[in-house]
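Here is what each chain is made of, one letter per residue.
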Amino acid sequence: MLRKIIIITILFASGGWGIARYFEIENPKTFKRVFSSVKIADSVKVNISSIDIVEETNKERISIGLPPLSINDQLSNSASLKVDDMINGQYFDHISPSGEGVSDLGSKVGYEYVIMGENLALGEFVDAKDIVNAWMNSPGHKANILSQKYKEIGVSVKYAKYQGKNVWFAVQHFGTSRSACPIIDLNLKKEIDSLNRELKMEEGTIETLKQDLQSPGAQNQPTYESSVYLFNSKVDAYNNKLNSSREKINFYNDQVRKFNTCIATFQ
């Protein structure tokens, strides 16, 4: 007697899973401009360095029990881009005339972040402390300096003309890099996509074999039993691959959930 067709339930991966979307958060641009009053007659003799500004900033944080910010070279580069752009474009704003904001500058220098923020200052200042004091007297800028969400900082300060007058341009870029949150294995995502493409192709092959085996007179064919064996082998291989795909999907989605939970703490 010929064997009966063994029909194994085929569980399809398509539509059975979803990958949460991870994203970047940009600090809201709600800060007021800071113009300091004139402090001295000849500010060109003043030497203000980015290191000094970082030190004064960290003093403010340490004074209330917050950890100091570490200098990040990419944030220093993005801050420098902002200073140069304001000098060359003769503007003073968080958004450039071309529409670039702090997140655009961060992306331009390759800073992968979960959050970024920016403080700007323009005017005549006596030293780095004078600049930081001006920021601390502005609620929005003070919030950036004392934010627990930021881990890193980059600063650029330059002396140049603005509307015909020599002034200091200072930029602070704050950020927390994406490495602060659990990693998402994007290679695993590619592997999952490849597996699901293979499964989709194999679904078609299995369906064709199934239709052939169930067609009228199929059981009378001399190749029927070998076709049954081939069908069941294909189904077994498919389901094994499907289980592997599901395990990888669950692992990947767990990474995404943990990442998004971490991201949410910076909102």
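About the criteria used
Residues numbered from 1 in each chain as written. Predicted model: local features only at pLDDT ≥ 70, side-chain atom pairs only at ≥ 80, totals over all residues. Heavy atoms only, no water. Helix = DSSP H or I, 4+ residues; strand = E, 2+ residues; numbered from the N terminus. Buried < 20%, exposed > 50% of the residue type's maximum accessible area, 1.4 Å probe, protein only. Contact = heavy atoms within 4.5 Å. Areas by Shrake-Rupley, 256 points an atom, 1.4 Å probe, with all protein chains shown as cover. Disulfide = S-S within 2.5 Å. Salt bridge = Lys/Arg side-chain N within 4 Å of Asp/Glu carboxyl O. Pairing = 2+ DSSP bridges. Phe/Tyr/Trp six-rings, centres within 6.5 Å; stacked < 30°, edge-to-face > 60°. Core = buried A, V, L, I, M, F, W, Y, C linked by side-chain atoms within 4.5 Å.

Asker: Run through the overall build of the chain, naming residues and quoting values.
Answerer: Across its full length, the chain carries seven helices and four strands. Overall, the chain shows an N-to-C arrangement of helices and strands of α-β-α-α-β-α-α-β-β-α-α. When the 267 residues of the chain are sorted by exposure, 43% land in the buried category. Partitioning the contacts of the chain with sequence separation of at least 6, the portion at a separation of at least 24 is 80%. Counting every atom, the chain has about 14,300 Å² of accessible surface; 51% of that belongs to carbon and sulfur.

Asker: Explain the state of the cysteines to me, and be specific about the residues and the numbers.
Answerer: Defined simply, a disulfide is a covalent bond joining two cysteines at their sulfur atoms. This structure, assessed with the given rule, holds one disulfide. Between the sulfur of C181 and that of C262 lies a disulfide, 1.9 Å long from S to S. An S-S torsion of about -75° defines the bridge between C181 and C262 as left-handed. One end of the pair, C181, is in the loop between strand 4 (165–177) and helix 6 (186–213); the other, C262, is in helix 7 (residues 224–264), with 81 residues separating them in the sequence. A relative accessible area of 14% means that C262 is categorised as buried.

Asker: Go over the pattern of salt bridges with me, naming the residues and quoting the values.
Answerer: Counted according to the given criterion, the structure contains 11 salt bridges. With a closest N to O distance of 2.5 Å, K158 and D84 form a salt bridge. Of this pair, K158 sits in strand 3 (residues 152–162) while D84 sits in helix 2 (residues 73–89); the two residues are 74 residues apart in sequence, bridging distant segments of the chain. In this structure, the salt-bridge partner of E198 is K241, at a minimum N-O distance of 2.8 Å. Within this pair, whereas E198 is found in helix 6, its partner K241 is found in helix 7, the two being separated by 43 residues in sequence. When its relative accessible area of 32% is taken as the criterion, E198 is described as partly exposed. When salt bridges that share partners are traced, they join E198, E202 and K241 into one network.

Asker: Pulling in residues and values, what's your account of the pairing of strand 4?
Answerer: In terms of burial, strand 4 is largely enclosed, as 11 of its 13 residues are buried. Where strand 2 (residues 113–123) meets strand 4, 10 bridges bridge the pair, whose relative direction is antiparallel. Bridging across to strand 4, E118 finds its partner in H173. Of the strand pairs in this sheet, strand 3 and strand 4 are connected by 11 bridges, and their pairing is antiparallel. Paired with K158 across the two strands is F169, which belongs to strand 4. Remark: two residues form the turn of the hairpin made by strand 3 and strand 4, two consecutive strands paired antiparallel; Q163 in that turn has positive phi of roughly 55°.

Asker: If you had to explain the packing of aromatic side chains to someone new, which residues and values would you point to?
Answerer: One pass over the full model with this rule turns up four aromatic pairs. Ring geometry for Y150 and F174: centres 5.2 Å apart, planes at 25°, overall stacked. Here Y150 is found in the loop between helix 5 (139–145) and strand 3, whereas its partner F174 is found in strand 4, with 24 residues between them in sequence. Exposure remark for F174: the relative accessible area of 0% places this residue in the buried category.

Asker: Quick one: what's the story with the nonpolar core, residue by residue and with numbers?
Answerer: I48, I53, I131 and W135 are the most contacted members of the largest nonpolar core, which totals 36 residues. At the level of secondary structure, the elements contributing two or more residues to this core comprise helix 1 (50–63), strand 2, helix 4 (128–136), strand 3, strand 4, helix 6 and helix 7. Setting aside anything within four residues of it in sequence, one finds I48 in contact with I53, F125, D127, A128, I131, V157 and W168. Core analysis: the next-biggest nonpolar cluster, separate from the first, contains 13 residues, A79, L122, A160 and V171 among them.

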